[in-house]
Protein chains: 2
Amino acid sequence: MKEIKIFSPATVANVACGFDVLGFCLDTIGDEMVIRKTVEKGIRITKIEGHDLPYKTEENVAGVSALAMYNDLLPDCGFEIEIYKNIKPGSGIGSSSASAAGSVYGINELLGKPLDKTKLTYFAMKGEALASKCEHADNLAPAIFGGFTLVKSAHPLQILELPTPSDLYATLIHPQIEIKTSESRAILPKEIPLQNAITQWANVGSLVHALHTSNYDLIKDALIDVVIEPHRKQLIPHFGEVKLAAMEAGALGCAISGSGPSIFALSKSEATATNVEKAIRDVYSKTDIKFETYVSKINTEGIKIL
Amino acid sequence: MKEIKIFSPATVANVACGFDVLGFCLDTIGDEMVIRKTVEKGIRITKIEGHDLPYKTEENVAGVSALAMYNDLLPDCGFEIEIYKNIKPGSGIGSSSASAAGSVYGINELLGKPLDKTKLTYFAMKGEALASKCEHADNLAPAIFGGFTLVKSAHPLQILELPTPSDLYATLIHPQIEIKTSESRAILPKEIPLQNAITQWANVGSLVHALHTSNYDLIKDALIDVVIEPHRKQLIPHFGEVKLAAMEAGALGCAISGSGPSIFALSKSEATATNVEKAIRDVYSKTDIKFETYVSKINTEGIKIL
């Protein structure tokens, strides 16, 4: 195999209660990438469509992760990467992760899979760090493993694959505003009340239990964020109205996707997720802000070969 | 049925990472209680053996929980309670919970089980509040449900039953020192670093996943408390040495039981738990402090009729 075309999915990090550790993978939104073996050594970005991103390997997220892996494996060939970018950078649904994960996944496939998924995530984190200034895996893990993931620890990297109840669907809205990751981080307190932390870890434990037991009522009770959302929601116009509309339309939960501005909701059944989409479209249709919405089954496969 | 004899077990709250929400039930340590229907209405404590506790219903933990339930159900009879107390009050292994849970469990049985386990816990919390000045369920839930439990919320009361891997054994040491619950609470910070909270909820999520998948390596990785133990360990003499000895003897984890002074360890297999017991006995044998140790399988049944 000399060339491979892959789908690298968008992802939702944090999942309400699990700031910095939980994430899940989307199905209908993602980038496509072509990775091609070359006689010439090294990593080259040869095509980028959809968004304006740097071609220089060391300045491109997909290039940096590929290079980290390449310099470790030292294969007897090089690689060209073409990126067909559908996930808007800065949308809060893992745009940089899709790029960083896609290149290492593709190269690994072309080399006969020398690395496991955790090691792929490890190298992808090098690319992610270029975009977000810190090595984190809460979007990369669901992109690479699929389904719901829990990053137990980033250093050393330890990723848990959680079960995905079969009727779970996500609805997303991406308001086309810019939130700087630096601002989104700076707004968070360094210290939090112990009582809120207890509520949060009760919710994380409950959500993990709910995923294992396909208990949708408990998923609903657990999708509550008392730590991060109270600070970050002010960065997203009409967040409160969107959340209210989503819950009234039958969503199990609704919260900020990653550091925003996208907002996600989870629902039991595609029909409910579609109702939720309509309800949150109604909220944003009354504003001047451009937006896009999506409905997606939870993608239990992660990145895949097309 | 006019009379019932029950075993009301000791329990371990917090379980390292799950302060205020997680707990598990012990098998070999517990109180015995006899509950008897009487023609005379009301609740009476008629016998207490083992420890010096108040006979007045309103001043006795078992009396208060029984009375709360009694005043709600208004049955056409009264009840006598005999308490054979084996769990030392103030030991940190749920002594007051065993009393509070035992009386309501016994009365419920004698009345033909009108209440479910969550409702029993609700009434038992009224007795627990007498002992600890606040209504909490982290010892009551494992005593009543058995196995591992997660108290998702105390108000409204929501208890999750977690799975118990079959080879899991607990080792306990009770150093005979007094720690006042008020002191043990006062030593905790009101605010904690967000970064530590994230580590803690990653551990709680991981422990729940590990219990569901019987992953003993992950249980080991998850039984870490970066929030409470650093503050409370100073109240327990030789805590560090006990923990080190337990881990060197093969324990999966070792932490403070409830608010102490008891220390628990979890191990895979009874043989390892017994080795751990020997190792921690060696630590305390070199001190002037009196102590007791126990090895117990995790009790998946909870309170039971004898």
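Sequence positions are assigned chain by chain, starting from 1 and proceeding in written order. To label them, take the chains in the order written and letter them from A, then take the ligands in the order written and number them from 1. With the structure being a predicted model, the display of local features is reserved for residues of pLDDT at least 70 and the display and counting of side-chain atom pairs for 80 or more, all residues being used for whole-chain, interface and lining totals. Each side-chain value is worked out from all heavy atoms of the structure, with water and hydrogens disregarded.

As for the overall build of chain A
The criterion, for reference: Each helix corresponds to a stretch of at least 4 residues labelled H or I by DSSP, and each strand to a stretch of at least 2 residues labelled E; elements are numbered beginning at the N terminus. In this treatment the radius of gyration is a C-alpha quantity, and the globule benchmark scales as 2.2 Å times the residue count to the 0.38 power. The buried label applies to any residue whose accessible area, calculated with a 1.4 Å probe on protein chains only, is under 20% of its type's maximum; exposed applies above 50%, and partly exposed to all values in between. In this analysis, two residues are considered to be in contact whenever any of their non-hydrogen atoms come within 4.5 Å of each other. For the area figures, the Shrake-Rupley method with a 1.4 Å probe applies, and any residue is considered shielded solely by the protein chains shown. Counting rule for charge: Lys and Arg are taken as positive, Asp and Glu as negative, and neither His nor the chain ends is counted. Here the site of a charge means NZ on Lys, CZ on Arg, CG on Asp, or CD on Glu.
A count of helical and extended segments in chain A gives 10 helices and 12 strands. Computed over C-alpha atoms, the radius of gyration of chain A comes to 19 Å, within 12% of the 19 Å expected from 2.2 N^0.38 for 306 residues, which places it in the range of a compact globule. Considered along the principal axes of its C-alpha atoms, chain A spans approximately 55 × 40 × 35 Å. Taking all 306 residues of chain A together, 59% fall into the buried category. For chain A, long-range pairs separated by at least 24 residues make up 73% of all intrachain contacts whose partners lie at least 6 apart in sequence. Within the structure as shown, chain A displays about 11600 Å² of accessible surface, and the carbon and sulfur contribution to it stands at 49%. If the 30 positive side-chain charges of chain A are averaged to one point and the 36 negative ones to another, these points end up 2 Å apart.

Looking at the pattern of salt bridges
As a reminder, the rule being used: Salt bridges, as used here, are contacts in which a Lys or Arg side-chain nitrogen is within 4 Å of a carboxyl oxygen on Asp or Glu.
Tallied over the entire structure, the rule returns 26 salt bridges over all chains. A salt bridge links B:Glu109 to B:Lys113, with the nearest nitrogen and oxygen atoms 3.7 Å apart. Judged by relative accessible area, which is 53%, B:Lys113 ranks as exposed. Taken together, the salt bridges that share partners define one network made up of A:Glu3, A:Arg36, A:Glu80 and A:Glu82.

Here's the deal with helix H9 (residues 239-248) of chain B
Residues and elements named next belong to chain B. The condition is simple: An arc is given here, and it is the one of the directions from the helix axis to the C-beta atoms.
Listed as buried for H9 are Phe239, Val242, Ala245 and Ala246. Considered in projection along H9, the buried side chains sweep an arc of 135° and stay on one side of the axis. Exposed side chains of H9 directed beyond 90 degrees from the buried face belong to Leu244 and Glu248. Where H9 is buried, its residues touch strand S7 (168-175), helix H8 (229-232), strand S9 (253-256), strand S10 (263-268) and helix H10 (270-285). The positive-phi residue at the C-terminal boundary of H9 is Gly250, with phi of around 105°.

Points about the pairing of strand S6 (residues 158-162) of chain A
In regular strands, side chains alternate between the two faces of the sheet. Residues and elements named next belong to chain A. The condition that has to hold: We treat two strands as partners when DSSP finds at least two bridges between them.
Of the strand pairs in this sheet, strand S5 (residues 148-153) and S6 are connected by 5 bridges, and their pairing is antiparallel. Note that in S6 the partner of Phe148 across the bridge is Leu162. Linking S5 back to S6 in an antiparallel pair, the connection comprises 4 residues.

Regarding the sheet that holds S9(B)
All names here are of chain B. Quick note on the threshold: Interaxial angle, 0 to 180 degrees, is taken between N-to-C directions of lines fitted to C-alpha atoms, where a helix line uses only the stretch in contact.
Here we have 4 strands laid out as an open sheet, ordered S9-S10-S7-S11, and antiparallel in their pairing. Because the sheet does not close on itself, it has two edges, and the strands there are S9 and strand S11 (291-297). Ignoring which end each strand starts from, the neighbouring axes of this sheet average 20° apart. As paired elements, S7 and S10 share 6 bridges and run antiparallel to each other. By the bridge assignment, Leu168 is partnered in S10 with Lys268. The strands that H9 touches are S7, S9 and S10; relative to S9, the one it contacts most, it runs at about 160°. In the packing of H10 onto the sheet, contacts are made with S7, S10 and S11, and the angle to S7 comes to roughly 15°.

As for the nonpolar core
Which entries qualify depends on this criterion: The nonpolar core is taken to be a set of buried Ala, Val, Leu, Ile, Met, Phe, Trp, Tyr and Cys residues, with the residues joined through side-chain atoms within 4.5 Å.
In this structure, A:Phe24, A:Trp201, B:Phe24 and B:Trp201 are the most contacted members of the largest nonpolar core, which totals 91 residues. The residues touching A:Trp201, leaving out its near neighbours within four places in the chain, are A:Leu194, B:Cys17, B:Gly18, B:Phe19, B:Val21, B:Ile192, B:Ala197, B:Gln200, B:Trp201, B:Val204 and B:Val227.

Notes on the relation of the copies chain A and chain B
Copies of the same chain, two in number, are related to each other by a rotation about an axis and a translation along it. What counts is decided by this rule: Superposition of the copies was done by least squares, using only C-alpha atoms of residues whose pLDDT is at least 70 in both.
By a simple turn and slide, chain A fits onto chain B: the slide is 0.0 Å along the axis, the RMSD is 0.0 Å, and the turn is 180°. In symmetry terms, the pair is related by a two-fold rotation axis.

A closer look at the environment of B:Gly92
Residues and elements named next belong to chain B. Examined against the element boundaries, Gly92 turns out to sit in the loop between strand S4 (78-84) and helix H2 (95-110). By relative accessible area, Gly92 is classed as buried at 17%. Note: C-alpha distance between Gly92 and Val12 (80 residues apart in sequence) is 7.6 Å. Residues contacting Gly92, with those up to four places away along its chain left out, are Thr11, Ser257, Gly258 and Gly260.

Some thoughts on the packing of helix H1 (residues 61-73) of chain B against helix H3 (residues 117-132) of chain B
All names here are of chain B. Counted only if it meets this: Every angle not falling under 35 degrees, over 145, or within 65 to 115 is termed oblique; those three ranges are roughly parallel, roughly antiparallel and roughly perpendicular. Should the near helix be turned anticlockwise from the far one by less than a right angle, the crossing is termed left-handed; should it be turned clockwise, right-handed. Under this grouping Gly is polar, as are all residues other than the nonpolar Ala, Val, Leu, Ile, Met, Phe, Trp, Tyr, Cys and Pro and the charged Asp, Glu, Lys and Arg.
At a closest axis distance of 7 Å, the pairing of H1 and H3 adopts a crossing angle of 140°. Between H1 and H3, the interaxial angle falls into the category oblique. Regarding H1 and H3, the two cross each other, and that crossing is right-handed. Judged by residue contacts, Val61, Val64, Ser65, Ala68, Met69 and Asp72 of H1 engage Leu120, Phe123, Ala124, Lys126, Gly127, Glu128, Leu130 and Ala131 from H3. By residue class, the composition of the contact of H1 with H3 is 9 nonpolar, 2 polar and 3 charged.

What to know about the UniProt feature "domain: GHMP kinase N-terminal" (unreviewed entry) in chain A
For the record, the criterion: UniProt positions are given in the numbering used here, feature names are shortened, and annotations may be inferred rather than shown by experiment.
Here the UniProt feature "domain: GHMP kinase N-terminal" (unreviewed entry) sits at residues 70-147 of chain A. Across residues 70-147 of chain A, helical content stands at 54% and strand content at 9%; the span's end C-alpha atoms are separated by 27 Å.

Considerations on the sheet that holds strand S7 (residues 168-175) of chain A
Residue and element names in this part refer to chain A. With antiparallel pairing, the 4 strands of this open sheet are ordered in space as S9-S10-S7-S11. Two strands close off the open sheet at either side, each with one partner strand: strand S9 (253-256) and strand S11 (291-297). Between one strand and the next, the sheet's axes are offset by a mean angle of 20°, whatever the strand orientation. Packing against the sheet, helix H10 (residues 270-285) makes contact with S7, strand S10 (263-268) and S11, and its axis sits at approximately 15° to S7.

What about H10(A)?
All names here are of chain A. Short version of the rule: A helix is expected to span 1.5 Å multiplied by its residue count minus one.
Taking 1.5 Å of rise per residue, 16 residues should cover 22 Å, and H10 covers 22 Å from first to last C-alpha, within 8% of that figure. By the burial criterion, the buried members of H10 are Thr272, Ala273, Val276, Glu277, Ala279, Ile280, Val283 and Tyr284. Those residues of H10 that are buried lie in contact with S7, helix H9 (239-248), S10 and S11.

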